[in-house]
Number of protein chains: 2
Amino acid sequence: MRYVDGSLAALDSPRMGSAGDDGELLRRYAELIVGFGANVQRGQIVAISTEPGKEALTRALAAAAYRAGASFVDVNSFDTYVKRARIEFSEEEFLEVVPSWYGERMLALGEQRCARIGLTGPAAPGLLDDLDPERTGRDRLPFIAEAVTVVNARTTNWTAASCPTPEWAQLVHPSLSAEDALARLWEQIAHVCRLDEEDPVAAWRSRMDRVGAAAAALDERRFEALHFAGPGTDLTVGLLAGSRWISARFSTIDGIEHFPNLPSEETFTAPDPERVDGVVRCTKPLVLQGSIVRDLRVRFEGGRAIELEASSGERTLRSLLSRDPGALRLGEVALVDGNGRVGALDTIFFDTLLDENAASHIAFGQGYEFSVEEADRERVNKSGLHVDVMIGGEDVNVSGVTSGGERVAVLEGGAWRV
Amino acid sequence: MRYVDGSLAALDSPRMGSAGDDGELLRRYAELIVGFGANVQRGQIVAISTEPGKEALTRALAAAAYRAGASFVDVNSFDTYVKRARIEFSEEEFLEVVPSWYGERMLALGEQRCARIGLTGPAAPGLLDDLDPERTGRDRLPFIAEAVTVVNARTTNWTAASCPTPEWAQLVHPSLSAEDALARLWEQIAHVCRLDEEDPVAAWRSRMDRVGAAAAALDERRFEALHFAGPGTDLTVGLLAGSRWISARFSTIDGIEHFPNLPSEETFTAPDPERVDGVVRCTKPLVLQGSIVRDLRVRFEGGRAIELEASSGERTLRSLLSRDPGALRLGEVALVDGNGRVGALDTIFFDTLLDENAASHIAFGQGYEFSVEEADRERVNKSGLHVDVMIGGEDVNVSGVTSGGERVAVLEGGAWRV
């Protein structure tokens, strides 16, 4: 699950490349994001969070929003090069300054019932890598706490979608030429967003109906735990009595339905952070602050990761997970079936919006409180981080454990059994 | 005289071209703008108004501001392509919507005593030309009324400076290759901003001392009127008793000196809108909404332009000046001596910040109220437009008319006589 205003970055070259020349694809993508994802209503102000290098899609979104009856489109472009200048040169005492109007604007977006659209995809990959991590960690922008307040208040209809850029494409497809890499990334985004369907909205509705039905069935069963079984994996993830299965089909307090992540293939909840036991083998590499963690294996006991090894990136992961006590426990468990389109591409996208939809996953760290009923919210895992780890696949079966200890098939060979 | 947030536009290509590769020029320019123009103080938030296509200078400004002790750099990038989408597609009733947080942010910049920097230069020349002018006229952004409030309150130290872009360079130097045009424009900007001096700040201080001394001498004389005499020009411009000669060296209410226009070669005031008589011939072409007015001659009577002819662009000018009654009267008269660097380049820049500093000029329409003493402010000309018309040159002498009717030399052969 991804927020808008969560993790944007920037680059120096705003040309769209191949898809920029393909105005038709841009227009269809923008209309899907505006009309289906955010579901912009006539008279709404639409806030777009973008970055230098994403101008073409941003402009297409603005046009789509005005055609949909938006009363105004407010574009906010966050430049990671300016953030870099801050981390390099700012005096120590100013590193956490955030102007008062940043939070005020976000709260006004909620009060005035606006729509929000965020464009993800690392536009300036690695730009902050050589900086002092202690200083980098103190500047959390573009993230602001008020964005979480507004999401929890359900006052805005919002969505996050990926925007290909040449730098990002080169990162995903290093063996291709710059032009081919960008074309390939656009093709993949179009595919996972169902833009290659005649009626992408109908395709999404049908897909979300299936995922939503699985979520409803899981909610009905009220399993005590989930069990993951596969090569190198024998893991039990305890669920709270109040754990609710959420899919990415939200509704504002005023009843505007919206789809907060494009694409989304998952249903997720917050597990019991004290009842996770067994071993698990990651089925996809994990991208962490520019380094890649491969062949990760973890052993849990009483909810805590007590053993951890990887063929690469192990130190980075260990250092991250030592951040706070909650970092070694789980905040999220998510199920993705084999009909999801991201996993089939077998590509590391370096964009969590895409990568976390490749397979069933668990996440170390902070959980989403809205995925648990009121009474159990205190028990959701707390941490300053959230790291998704892919553990699912065709050869990993998932079953639900009932209060009587019975195991009921949930996912078998990648297919829903609920 | 140019405001920040007055007239910005955008383009699709953010590469800096030649000066982007010349990090040294960018750094020196950014330091002049931050350290001398805006005179950023330690602990200040710095607001930068920029556009897509101006990333390289914007980033250099951010670095310079943080090095100068800024507590935060808040970049606002206004995209004329998004404005175009609005004018094309917005419903009629929403065309004047401005989100509440736009004005609130501007007022907060004043209340919190921030610094402000605006980058001028038409980044997307002609982009709105084919749109319905009635609809275009209703969307005044990026201009917001609160910017004028904050300027008048003198609570922010601010400056406006030009940022070359490839599209703008091609407009100024259409006969050069794209690369040469950009290099030439950068060279010219560097020259008029005294960046080719060993100590640009010292050069500016000395220049502003000279212009400031002329302004002080003019204030002391309390002329009844100015008289312009040259080929085709015999014009008397009446002054108000409260007309004060302003040069672009401002000071905030807290005493922070700043230089609001880089470059600035002028001293200006608001004339008596009812006492302008005679004939005047323009000495430079005039750029108006994409069309060029050449060989303009105007006859004034009782303050009003009663005859007007030009060899090109006459219709555009007439239509503009019919906007309101004040549009045919003068709001500003400004003197520029022959040592100014802009005029010597003999180039039309299509950026008022530069073009108005090429020669002495008059302006049809709205005057600057702060250039007149309190008692006479009501008498400053009012209009919805402000059009600068260059009327000075080496062969145009300017004299002051005393209350006794005597003429005293002010500018002769381009040299100050006061």
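None of these values were measured; they are calculated from a predicted model.

Visitor: Account for the relation of the copies chain B and chain A, with residues named and values stated.
Guide: Superposing chain B onto chain A takes a rotation of 180° combined with a translation of 0.0 Å along the rotation axis, leaving an RMSD of 0.0 Å. The superposition operator between the copies reduces to a two-fold rotation axis. Taken as a fraction of all interface residues of chain B, those also at the interface in chain A reach 100%, which identifies the copy contact as same-surface.

Visitor: Any details on the sheet that holds strand β16 (residues 304–309) of chain A? Residues and values, ideally.
Guide: All names here are of chain A. On the basis of which strands lie adjacent, the open sheet formed by eight strands has the order β16-β15-β12-β6-β5-β20-β21-β22 and antiparallel pairing. Here the strands that pair on one side only, and so sit at the sheet edges, are β16 and β22 (415–416). Note that strand β6 (residues 233–239) and strand β12 (residues 271–281) share five bridges and pair antiparallel. Looking across to β12, one finds that Leu239 is bridged to Pro271.

Visitor: Before we move on, could you go through unusual backbone geometry and cite the residues and values that matter?
Guide: Cis geometry is adopted by the peptide bond preceding Pro142 of chain A, which originates at Leu141 of chain A and carries an omega value of 10°. By the secondary structure assignment, Pro142 of chain A is in the loop between α6 (133–138) and α7 (145–153). For the bond running from Leu262 of chain A to Pro263 of chain A, omega is 5°, close enough to zero to count as cis. Relative to the helices and strands, Pro263 of chain A is located in the loop between β10 (261–262) and β11 (266–269). Residue Asn39 of chain B is not a glycine yet carries a positive backbone phi of 55°. By secondary structure assignment, the location of Asn39 of chain B is in the loop between α2 (23–37) and β1 (45–50). Positive phi, normally seen in glycine, also occurs at Arg222 of chain B, with a value near 50°.

Visitor: Give me the interface of chain B and chain A: which residues, what numbers.
Guide: If you look at the interface, chain B gives 42 residues, while chain A gives 42 residues. Summed over both sides, the interface of chain B with chain A buries roughly 3900 Å², with 61% coming from carbon and sulfur. A per-residue breakdown of the area chain B buries against chain A is headed by Arg59, Tyr66 and Trp101 of chain B, which together make up 20% of the total. The interface formed by chain B and chain A holds six salt bridges in total. Of the charged contacts in the structure, one is a salt bridge between Glu91 of chain B and Arg42 of chain A, with a shortest N-O distance of 2.7 Å. The interface formed by chain B and chain A holds 12 residue pairs in polar contact (both at pLDDT 80 or more) in total.

Visitor: An account of the packing of helix α5 (residues 100–111) of chain B against helix α7 (residues 145–153) of chain B is requested, with residue identities and associated values reported.
Guide: Residue and element names in this part refer to chain B. Put simply, α5 and α7 touch, their axes get as near as 9 Å, and they point 10° apart. Relative to α7, the element α5 lies roughly parallel. Side by side, α5 and α7 meet where Gly103, Met106, Leu107 and Gly110 of the first sit next to Glu146, Ala147, Thr149 and Val150 of the second.

Visitor: A description of the pairing of strand β20 (residues 397–401) of chain B should follow, citing residues and the corresponding values.
Guide: Residue and element names in this part refer to chain B. With four of five residues buried, β20 is to be regarded as a mostly interior element. Here strand β5 (residues 225–230) runs beside β20; their pairing, made up of five bridges, is antiparallel. Each bridged residue has a counterpart across the sheet, and for Leu226 the counterpart in β20 is Gly400. One ladder, built from four bridges, connects β20 with strand β21 (residues 407–412); its direction is antiparallel. Residue pairing in the sheet places Ser399 in a bridge with Ala409 of β21.

Visitor: Quick rundown of the pairing of β21 of chain B? Include the residues and the values.
Guide: Residues and elements named next belong to chain B. Where β20 folds back on β21, the antiparallel hairpin that results is connected by five residues, among which Gly405 adopts a positive phi of roughly 90°. Here β21 runs beside strand β22 (residues 415–416); their pairing, made up of two bridges, is antiparallel. Residue pairing in the sheet places Leu411 in a bridge with Trp416 of β22. Taking the residues that link successive antiparallel strands as the turn, the β21-β22 hairpin has two residues, and the phi of Gly413 there is positive, at about 55°.

Visitor: Which residues make up helix α11 (residues 314–321) of chain B, and what values go with them?
Guide: Residues and elements named next belong to chain B. Looking only at α11, the buried set comprises Leu317, Leu320 and Leu321. With its buried residues spanning 90° around the axis, α11 presents them on a single face. Here the buried face of α11 lies against β13 (286–288), β14 (291–293), β16 (304–309) and β18 (361–365).

Visitor: Which residues make up the domain arrangement of chain A, and what values do they have?
Guide: Residue and element names in this part refer to chain A. Domains assigned within chain A are domain 1 (9–200) and domain 2 (201–247 + 264–416). Every contact between the two is made by 25 residues of domain 1 and, on the other side, 20 residues of domain 2. For the pair domain 1 and domain 2, the summed buried surface comes to about 1900 Å²; carbon and sulfur atoms form 63% of the total. Three residues stand out in domain 1 for area buried against domain 2, namely Phe36, Val192 and Arg194, and they jointly supply 34% of the buried area on that side. Inspection of the domain 1/domain 2 interface yields three salt bridges. For Arg194, the salt bridge goes to Glu265, with nearest N and O atoms at 2.6 Å. At the level of elements, α2 (23–37), β4 (157–162), α8 (166–172) and α9 (178–192) are the ones that each hand at least two residues to the side of domain 1 that touches domain 2. Looking at the side of domain 1 that touches domain 2 residue by residue, the classes come out as 13 nonpolar, seven polar and five charged.

Visitor: Lay out the sheet that holds β16 of chain B in plain terms, naming residues and giving numbers.
Guide: Residues and elements named next belong to chain B. If you walk across this open sheet you meet the eight strands as β16-β15-β12-β6-β5-β20-β21-β22, and the pairing is antiparallel. Strand pairing shows two members of the sheet lacking a second neighbour, β16 and β22, which therefore form its edges. With four bridges connecting them, strand β12 (residues 271–281) and strand β15 (residues 297–301) associate as antiparallel partners. Bridge assignment links Val280 to a residue of β15, and that residue is Val298.

About the criteria used
- Positions within a chain are numbered from 1, following the residues in the order the chain's sequence is written.
- Both sets of labels track the order of writing: A upward for chains, 1 upward for ligands.
- The predicted nature of this model means local features are confined to residues of pLDDT at least 70 and side-chain atom pairs, given and counted, to a pLDDT of 80 or more, with totals for whole chains, interfaces and linings taken over all residues.
- Excluding hydrogens and water, the side-chain values take into account all heavy atoms of the structure.
- For this overlay, a least-squares fit was computed on C-alpha atoms, restricted to residues scoring pLDDT of at least 70 in both copies.
- Contacts are residue-level and defined by heavy atoms, with any inter-residue pair within 4.5 Å sufficient.
- At least two bridges found by DSSP between two strands is the condition for calling them paired.
- What counts as a helix is a DSSP run of H or I of at least four residues, what counts as a strand is a run of E of at least two, and both are numbered from the N terminus.
- Buried area is calculated as the accessible area (1.4 Å probe) missing from two parts once they are joined, with the contributions of both summed.
- Criterion for a salt bridge: a side-chain nitrogen of Lys or Arg within 4 Å of a carboxyl oxygen of Asp or Glu.
- Any pair of N or O atoms that falls within 3.5 Å is considered a polar contact. Within protein, one atom must be able to donate a hydrogen and the other to accept it, and sequence-neighbouring residues count only if both atoms are side-chain atoms.
- Only the stretch in contact is used when fitting a helix axis, every axis being a line fitted to C-alpha atoms; angles between N-to-C directions are given from 0 to 180 degrees.
- Small angles under 35 degrees read as roughly parallel and large ones over 145 as roughly antiparallel, with 65 to 115 read as roughly perpendicular and the rest as oblique.
- Remark: exposure states derive from per-residue accessible area (1.4 Å probe, protein chains only) relative to the maximum for the residue type, with buried under 20%, exposed over 50%, and partly exposed in between.
- This arc is taken over the directions from the axis of the helix to the C-beta atoms.
- Domain delimitation follows an automatic or database domain assignment.
- In this classification, the charged set is Asp, Glu, Lys and Arg, the nonpolar set is Ala, Val, Leu, Ile, Met, Phe, Trp, Tyr, Cys and Pro, and all remaining amino acids, among them Gly, are polar.

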